[in-house]
Amino acid sequence: SQTIHQWPATLVQPVGSPLSLECTVEGTSNPNLYWYRQAAGRGLQLLFYSVGIGQISSEVPQNLSASRPQDRQFILSSKKLLLSDSGFYLCAWVPGQGVTGELFFGEGSRLTVL
Amino acid sequence: AQSVSQHNHHVILSEAASLELGCNYSYGGTVNLFWYVQYPGQHLQLLLKYFSGDPLVKGIKGFEAEFIKSKFSFNLRKPSVQWSDTAEYFCAVNFMDTGRRALTFGSGTRLQVQP
């Protein structure tokens, strides 16, 4: 069966420090991978998605970047965190051939920037 | 641009009351529709989905939703809620003909069921 792992689960970082959140999917090949951010009262905002290694689509210009160095690995990064980067970050995947769009979510990473 | 709207941000009900949560989207093309639920302390999980066919779809835990194409709506319903239904509910839409291979989510509705 397929599983998705995110880490770290919780992170407290000072403003201006770097960030790296990692997501790995197991049990599938060539998934589409996604990073969403969940903020209270604002739902889920799509940050990045990837349909293959090295292929990144960015939804909003911001302080974050994403990379996909391997087929089942998706990394969210920042060189210098801002207070506004605080939030709950969710990684999700879809089978590569799936056209319906049904997402499977990880358990999330809560980032607090102080 | 395509968007998804959930009009109820916070709903408080007593057990056994009926529930209806609204979801509307703005797009004239083909859509796939989803409701996700997030119970306290748990990850997002799929409640139900619509791709095609019968516009009334049934999901887990007694939930159902009706797709009304003419109203661009996909409202979630449950005849009698339980305390365990306390959670946040998200409507999501896949706008199929746009080339964008990602779901667009509404802002969510927090449901609180009082015993």
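Residues numbered from 1 in each chain as written. Chains lettered and ligands numbered in written order. Predicted model: local features only at pLDDT ≥ 70, side-chain atom pairs only at ≥ 80, totals over all residues. Heavy atoms only, no water.

A. Representation of the nonpolar core. In this structure, Tyr25(B), Trp35(B), Phe74(B), Leu76(B) and Tyr89(B) are the most contacted members of the largest nonpolar core, which totals 30 residues. Elements supplying a minimum of two residues to this core: β2 (10-14), β3 (19-21), β5 (31-38), β6 (45-50), β8 (64-68), β9 (73-78), β10 (87-95) and β12 (109-114) of chain B. A total of five residues in this core trace back to one element, the largest contributor, which is β10(B). Once you skip the residues sitting within four places of it in the chain, Tyr25(B) turns out to touch Ser3(B), Val4(B), Val31(B), Leu33(B), Phe67(B), Phe72(B), Ser73(B), Val93(B) and Phe95(B). Listed in part, the 20 residues of the second largest apolar core include Ala66(A), Leu81(A), Cys91(A) and Leu111(A). (Core = buried A, V, L, I, M, F, W, Y, C linked by side-chain atoms within 4.5 Å. Buried < 20%, exposed > 50% of the residue type's maximum accessible area, 1.4 Å probe, protein only. Helix = DSSP H or I, 4+ residues; strand = E, 2+ residues; numbered from the N terminus. Contact = heavy atoms within 4.5 Å.)

B. Seen up close, the interface of chain A and chain B. The interface of chain A with chain B comprises 23 residues on the first partner and 21 residues on the second. Together chain A and chain B conceal approximately 1,700 Å² of surface at their shared face, both sides included; 52% is due to carbon and sulfur atoms. Taken together, the links from chain A to chain B amount to one salt bridge. Two residues, Glu102(A) and Lys49(B), come together in a salt bridge whose shortest N-O distance is 2.8 Å. Where chain A touches chain B, the interface holds six residue pairs in polar contact (both at pLDDT 80 or more). The element best represented in the side of chain A that touches chain B is strand β5 (residues 43-52) of chain A, accounting for five residues. (Buried area = accessible area lost by both parts, 1.4 Å probe. Salt bridge = Lys/Arg side-chain N within 4 Å of Asp/Glu carboxyl O. Polar contact = N/O pair within 3.5 Å; in protein donor to acceptor, adjacent residues only side chain to side chain.)

C. Region of the structure containing the pattern of salt bridges. All names here are of chain B. What the rule picks out here adds up to eight salt bridges over all chains. Across the pair Glu64 and Lys58 runs a salt bridge, and its minimum N-O distance is 2.9 Å. Given the relative accessible area of 17%, Glu64 is considered buried. Notably, a salt bridge pairs Glu88 with Arg110, separated by 3.2 Å at the nearest N-O pair. You can see Glu88 sitting in strand β10 and its partner Arg110 sitting in strand β12, a full 22 residues away along the chain.

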